[in-house]
Amino acid sequence: MASQTTTAPTAAPRRRWGSTIAGVLILCVMLFPLYWMLNTALQPESGLLKVDPVPGGLDLSGFSKAISDQGGHLLTSLVVSLGAVVICLAIAAPAAYGLARFGLRGSKTIVFGTLITQMVPGIVIANALYNSYVDLGLVNSYFGLMLADASLGIPFSIVLMRSFMVSIPGEVIEAAQIDGAGAVRTFLKVVLPMSRNSLITSGLFAFLFSWSDFMFALTLNTTDEVKPVTLGIYQYIGAHVGDWGSVMAASVLSAVPAAILLVLAQKYIAAGIAGGSVK
């Protein structure tokens with residue numbers, strides 16, 4: 001019995017250390033591509049296969065060239081992504097509330113169908129949209145690209161916000177209605193503030209979907225009037241790339257907004273995803 005009591009306390013710290021080391025190794029493997037991208041960006045004069053494992057100095061000429069070439073494209077991506085978030089939430093939030101609270105017949109089938117739409121290949125949707133966009137005059141337009149990118153986040157947002165809104169106590173909504181609030185006012189003044197975490201989470205993912213979009217940007221634009229950074233980098237590198245430092249610098253700059261948003265909104269993401277699982 002004495003040997004058991006002495007070995008048990010030492011086994012737990014060893015397991016914790018083992019889990020910590022394993023977690024650090026996995027994290028290093030996952031972050032290595034990001035490190036190599038930044039490392040290459042800081043060595044703009046080196047070829048892709050001749051990059052030193054550790055940069056000898058901070059050569060920012062690749063970043064200055066990337067900003068000069070891709071600055072306008074980054075701004076285009078920001079405008080399109082923010083517009084797509086507004087459109088996505090404006091459509092998904094009322095749809096999720098209706099599916100969660102109005103007891104619509106076949107609501108579960110609608111939610112399942114919404115999930116199925118995310119399995120459709122993007123190239124199929126892009127080709128179908130192109131013909132419609134030509135007829136509507138939305139090709140090579142900011143609003144057209146916003147609509148297309150918003151469609152990437154709407155299904156996810158509906159499912160996420162519906163699961164959260166289902167967990168809102170019915171007594172709260174009834175109390176607002178007793179106080180004289182109509183359906184629209186109840187939705188705007190009660191439901192949306194209580195669904196803040198799911199709104200932020202949905203908006204963030206809608207932004208990321210739009211920010212990283214390449215298929216719609218390539219298919220629905222035939223000129224350089226509306227060119228997001230994903231399309232800019234694609235046309236930037238070409239078939240034979242000699243300046244990989246600038247390419248990687250542009251990639252680093254395009255990853256910064258998404259990284260900042262993820263850091264700032266991480267607590268809302270955790271609460272938004274887990275909030276709908278507890279009723």
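As named in an unreviewed UniProt entry, the protein is ABC transporter permease, taken from Streptomyces griseoviridis. Taken from UniProt, the Sequence similarities (unreviewed entry) comment for the protein reads in full: "Belongs to the binding-protein-dependent transport system permease family."

J.: What is the right way to read a nonpolar patch on the surface from this model?
T.: On the surface, L75, L78, V79, L82 and Y142 cluster together into a nonpolar patch covering about 420 Å² of accessible area. In terms of residues, the nonpolar patch owes the most to one element, helix α2 (residues 61–101), which gives four residues. Mapping V79 onto the fold places it in helix α2.

J.: Looking at this structure, how should I read the nonpolar core?
T.: Side chains of a nonpolar character, in soluble globular proteins, are inclined to be buried together. Grouped together as the largest cluster of nonpolar side chains are 53 residues, with contacts concentrated most on M161, M165, F187 and V191. The element that contributes the greatest number of residues to this core is α2, accounting for 14 residues.

J.: I keep staring at the layout of surface pockets and nothing clicks. Help me out?
T.: Summary: where empty space remains is shown by rolling a probe the size of a single water molecule over the atoms. Estimates place the volume of the largest pocket at around 230 Å³. Of all the secondary-structure elements, those providing two or more residues to the lining of the largest pocket are α3 (107–117), α4 (122–136) and α5 (142–165). In terms of residue count, α5 provides more of the lining of the largest pocket than any other element does, three residues in total. Of the residues belonging to the lining of the largest pocket, the class tally is six nonpolar, five polar and no charged.

J.: Is there a simple way to explain helix α8 (residues 196–211) in this structure?
T.: It helps to recall that an α-helix has 3.6 residues per turn; residues three or four apart then point in one direction. Taking 1.5 Å of rise per residue, 16 residues should cover 22 Å, and α8 covers 22 Å from first to last C-alpha, within 8% of that figure. α8 sits mainly inside the fold: 12 of its 16 residues count as buried. Where α8 is concerned, the buried positions are N197, S198, L199, T201, S202, G203, L204, A206, F207, L208, S210 and W211.

J.: Just checking my understanding: could you explain the pattern of salt bridges for this structure?
T.: Note that side chains of opposite charge can pair when their charged atoms are close. Scanning the entire structure with this criterion turns up two salt bridges. Residue K65 pairs with D69 through a salt bridge whose shortest N-O separation is 2.9 Å. In this pair, K65 and D69 both sit in helix α2, four residues apart, roughly one turn of the helix. Judged by relative accessible area, K65 falls into the partly exposed class, the value being 36%. On the accessibility criterion, D69 (31% relative accessible area) is partly exposed. The shortest N-O distance in the salt bridge between K227 and D224 comes to 3.1 Å. Under the relative-accessibility criterion, K227 is labelled buried at 9%. The class of D224 is exposed, set by a relative accessible area of 57%.

Rules used in this analysis
- Residues numbered from 1 in each chain as written.
- Predicted model: local features only at pLDDT ≥ 70, side-chain atom pairs only at ≥ 80, totals over all residues.
- Heavy atoms only, no water.
- UniProt positions renumbered as here; feature names shortened; annotations may be inferred.
- Patch = residues over 30% accessible without salt bridge, like charges linked within 9 Å, V, L, I, M, F, W, Y side chains within 5 Å.
- Areas by Shrake-Rupley, 256 points an atom, 1.4 Å probe, with all protein chains shown as cover.
- Salt bridge = Lys/Arg side-chain N within 4 Å of Asp/Glu carboxyl O.
- Helix = DSSP H or I, 4+ residues; strand = E, 2+ residues; numbered from the N terminus.
- Core = buried A, V, L, I, M, F, W, Y, C linked by side-chain atoms within 4.5 Å.
- Buried < 20%, exposed > 50% of the residue type's maximum accessible area, 1.4 Å probe, protein only.
- 1 Å grid on protein atoms, 1.4 Å probe; cavity = no way out; pocket = protein on both sides within 12 Å on 5 of 7 lines; lining within 4 Å.
- Points joined across faces, edges and corners; volume = space filled by probe spheres on them.
- Nonpolar A, V, L, I, M, F, W, Y, C, P; charged D, E, K, R; others polar.
- Expected span 1.5 Å × (residues − 1).

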